[in-house]
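What follows is each chain in one-letter form.
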Amino acid sequence: MLRATVKSLLARKLRLVLSGLAVVLGVMFVSGALVLTDTLGRSFDSVFADAYATTDVAVSATPNIEVSEFDGEQVTAPLPARIVDRVAAVDGVARATGVITADGARVIGSNGKALTSFGPPQLGGNWVGEDELLQLREGRGPVADDEVAVNAAVAETAGLTVGDRVGVLTRLPRQDFTLVGVFGYSGGRDSIGGVQEVAFTDDAAAALMLGESDVYTNVVVRAADGVEPQALRDDIAAVLGTGYQVRTGSELAEEASTGLKEGLGFFNNILLGFAGVALFVGIFLILNTFSIIVAQRTRELALIRAVGGSRGQMIGSVLVEAVAVGLLASILGLAAGIGAGAGLAYLFGQFSGGLMLAGIGVPASAVIAAFAVGLLVTVIAAVLPAIRASRIPPVAAMQEVATPDRPLTRITIAGTVVGAGGATLLGLGLSGNAPASTLWTILAGVLVTFIGVALLTPMISRPVVAGIGRIFSWSVPGKLGRLNSGRNPRRTAITAAALMVGIALVTGVTVILDSARHSITRLAEDTIQAELVISGVQTGPRPPSFDPAVLDAAARIDGVDIAAGVYSDIALLDGERHWVIATSDIAALKEIYRARPVSGSIDTLPGDGLLVDSATAAEQGLALGDQVEVRYNRGEPARHTLTGIYAESELFGGFVVPAAATDNFAMPQPTQAYLKLLAGTPVDPVLAQVEALLADSPEVAVADRAAFIEQQTSQFDTLLTMIQILLALAILIAVLGIVNTLALSVLERTRELGLLRAIGLSRSQTMRMVTVEAVVISVFGALLGVAVGSGMGAAVVHALRDQGISDLVLPWSQMAVLLTLAAGIGVVAAVLPSVRAARLNVLAAIAHD
């Protein structure tokens, strides 16, 4: 029996390779994601190990607020300079150096634009001289407060050379310095992990990066010979007492690397999610392939049963073929995944500013996942065809190979029940009443709904396919293609369902994002009563900012009524973390945001006052006159009295603190500003004057309200493009499914095609007939996808109506593009099967059994 199975497998290798290709692509996605995250994780380990290679022990003050890498900027509390002497006096300390290292030093390049960073920090600190890690390449270190040195990566990117005057943005507005040195790192590196570094004198670094004098962020300790870092850490901690963090260099490296790996884990889960979609679509392809092969082998399998083959052997025969396909696909998918992971890691390294990658490795998880996923998906997809093969009676050996399609009653009932179950899970998840995790309930609902729709597709296919096919029925090939596409509803349904999944997800995401964009645009237009907005695009943990003096100058421009700057930061209010905002003109709440008072006053805000929206007040149990302790990123805790509560708004809410509190913000400069003009004032002349005021604030720009809203909502377009690219793999697998189905159908109808050719059907007409069949199946799948995706998207939008997404927008133009694309997919998928059908030898085809 095993020999017969192997022989059958070799006889149908091309067909099985096509179905196995779906598994190859899915496994490639899975293993590639794991290889990518493993490579980047080890690269970050190496980066931080190098960064702390010259640190045995480091001392820092306990920060006011602990912030993770992906929540925002961690602001380090300053250490008084006297701590350096206390640490240096501890037995076992060979050298103690006061160091300033803080994120937020943005160099302005020779083109007048501030350097940006998509991930690595932009560090500003004090020059402490050369060591084993850091070496000067040109010039010297800064000795005067108007001098700086930069690392080679900054010098190259900004187009700077020693002797140039260079502008730097810090906690203070732009300051100009003379570039006196360029430094690099051991191993000929221009940076460590793409980090941009600017070195000042001690006094300049303290003033610009920390806003204080005679302070540091860390004390870096080198242990004396023979002293273990762990023992020295404990001795220093005992001397300093509470309020300090004392860690070894290896602990700091591990902590920093772990934080970034958490973000990589989230990214990895996203990639694995899209891989799951691709594999789910691949199941349809494999199921269809094995179903067709079993149908074509009816006589062969019946003869095996007639000579003594058992049902178990029939099931085993099909599953052995599935295992062989899955095994080969897993090997090829793993190899492709290693290549894809290496390529993506290289791109990530280039995009992040030159991250030096560790060697490409293949973690055990990638190998295990590749074979587990590849074999599991293939075997699961082959189970139903295998069971069907076991039910073929021996008498079928005397019948024609073609088998009649079975009634659709049972599968329709099953589809209705499963679809209802999926809709129920979706409803529970979207309403927030899920008994378990909301996210997993929603994902399970989507999966079960897709399965339900796939089971209902055979019943739907007959009338819909007939309707679509009539578009092409103006010729004999068109009529034949229409009839062929509807002759086996199950086969057509499974093929179309594979394409349906990808199209449905693209459509659903488009509905959600377009609805969100439209809703936010309408809310912004109704809420923001400002003709001009100053803002920038945030590319890292620190938002772009500008000189507060711009606000005063803008307020003096003829025609400007209000010029209000907005500041924001994370703070602890009664021990709970919240975002707080401040504004330079409290009147902006009513004049620009249309805020309405609920109780108290929002016209003024005392130095110890506090405002909050009504929803937050109810959630926190706050009432007018309550005292709230607020701990900012800098300074000591302060007590604020709740002096006003304003009505909740979809675009504006939360706690509002006095403008004086911004001195203790991580960034004490405004990140946005709104300019309201007097009635009848033309916008363009004022905009030009504000642009001139922002010449020294290159991170931000001024735009009219419509352009600002468009800039904010354009992020949805970027997100949609990324999702479409990732879902393209699922659509590609669906295309392979159409190719495979048509190829197998051509083989199955060899005699029929020979007879058609014999009675006058030309080669070109044969190709058109197969093409029409492919186009009808593709458009049917796309129609299903558009309908299902629109329904799911509408359900999500309805569930988010309380979050401000209240406008349902159906992307009709996108739907038309998808349907047109589906027709094109059908034409492409039909090329090889139609050519094969046209090249059939007529006499041999007629004689085919």
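Attention here is on the structure that accompanies the text. In this numbering scheme, every chain counts its residues from 1 along its sequence in written order. Reporting of local features is limited, given that this is a predicted model, to residues whose pLDDT is at least 70; pairs of side-chain atoms are given and counted only at 80 or more, and all residues count toward the totals for whole chains, interfaces and linings. Excluding hydrogens and water, the side-chain values take into account all heavy atoms of the structure.

## With respect to the pattern of salt bridges
Counted as salt bridges are all cases of a side-chain nitrogen of Lys or Arg within 4 Å of a carboxyl oxygen of Asp or Glu. Summed over the entire model, instances satisfying the criterion amount to 17 salt bridges. Where Glu255 meets Arg247, a salt bridge forms, and the shortest distance between an N and an O atom there is 2.8 Å. Of the charged contacts in the structure, one is a salt bridge between Lys590 and Asp603, with a shortest N-O distance of 3.1 Å. Taken together, the residues span a long stretch of sequence, with Lys590 in helix 16 (residues 588-591) and Asp603 in the loop between strand 18 (597-600) and strand 19 (609-613) at a distance of 13 residues. Each residue's exposure class comes from its accessible area (1.4 Å probe, protein chains only) as a fraction of the maximum for that residue type: buried when under 20%, exposed when over 50%, partly exposed otherwise. What makes Lys590 partly exposed here is its relative accessible area of 34%. Residue classification places Asp603 among the partly exposed residues on the basis of a relative accessible area of 43%. Only DSSP runs of H or I with at least four residues qualify as helices, and only runs of E with at least two residues qualify as strands; both kinds are numbered from the N terminus onward.

## Notes on the environment of Val277
Locating Val277 in the fold gives a position in helix 7 (residues 249-296). Classification of Val277 by relative accessible area gives buried; the value is 18%. On a C-alpha basis, the gap between Val277 and Gly265 in space is 19 Å, while along the polypeptide they are 12 residues apart. By the convention used here, residues are in contact when the closest approach between their heavy atoms is within 4.5 Å. Residues within four places of Val277 in sequence aside, it is in contact with Val501, Leu505, Leu727 and Ala730.

## Brief notes about unusual backbone geometry
Positive phi outside glycine occurs at Asp214, with the angle close to 55 degrees. Within the secondary structure layout, Asp214 lies in the loop between helix 5 (202-210) and strand 12 (215-216). Within the chain, Asp574 stands out as a residue other than glycine whose phi angle is a positive 50 degrees. Structurally, Asp574 is set in the loop between strand 16 (560-573) and strand 17 (576-583).

## Focus on the nonpolar core
Throughout this description, the term nonpolar core refers to a set of buried Ala, Val, Leu, Ile, Met, Phe, Trp, Tyr and Cys residues connected via side-chain atoms within 4.5 Å. In this structure, Val281, Phe284, Phe450, Met500, Val501, Leu727 and Ile733 are the most contacted members of the largest nonpolar core, which totals 99 residues. At 16 residues, helix 7 tops the list of elements feeding residues into this core. Residues contacting Phe284, with those up to four places away along its chain left out, are Ala454, Ile494, Ala497, Ala498 and Val501. Of all hydrophobic cores here, the second largest spans 45 residues; its members include Ala61, Ile100, Ala152 and Val215.

## Some words on a nonpolar patch on the surface
Nonpolar side chains (Val, Leu, Ile, Met, Phe, Trp, Tyr) within 5 Å and like charges within 9 Å form the patches, drawn only from residues with over 30% relative accessible area and no salt bridge. In these tables, accessible area is a Shrake-Rupley quantity obtained with a 1.4 Å probe, and a residue counts as shielded only by the protein chains included in the view. On the surface, a cluster of nonpolar side chains totalling about 320 Å² of accessible area is made up of Leu344, Tyr346 and Leu347. Turning to its location among the elements, Leu347 is positioned in helix 9 (residues 311-351).

## Some words on the packing of aromatic side chains
Working definition: rings of Phe, Tyr and Trp (its six-membered ring) pair if their centres are within 6.5 Å, and the pair is stacked with planes under 30 degrees apart, edge-to-face with planes over 60 apart, and tilted otherwise. Tallied over the entire structure, the rule returns five aromatic pairs. Pairing Trp127 with Phe183 gives two aromatic rings, centres 5.8 Å apart and planes at 50 degrees, and the pair type is tilted. Separated by 56 residues along the polypeptide, Trp127 in the loop between strand 6 (122-126) and strand 7 (134-139) and Phe183 in strand 10 (residues 175-185) bring together distant segments of the chain. Judged by its relative accessible area of 18%, Trp127 is buried. Taken together, a centroid distance of 6.3 Å and an interplanar angle of 90 degrees make the contact between Tyr674 and Phe708 edge-to-face. Within this pair, whereas Tyr674 is found in strand 23 (residues 672-677), its partner Phe708 is found in helix 19 (residues 705-748), the two being separated by 34 residues in sequence.

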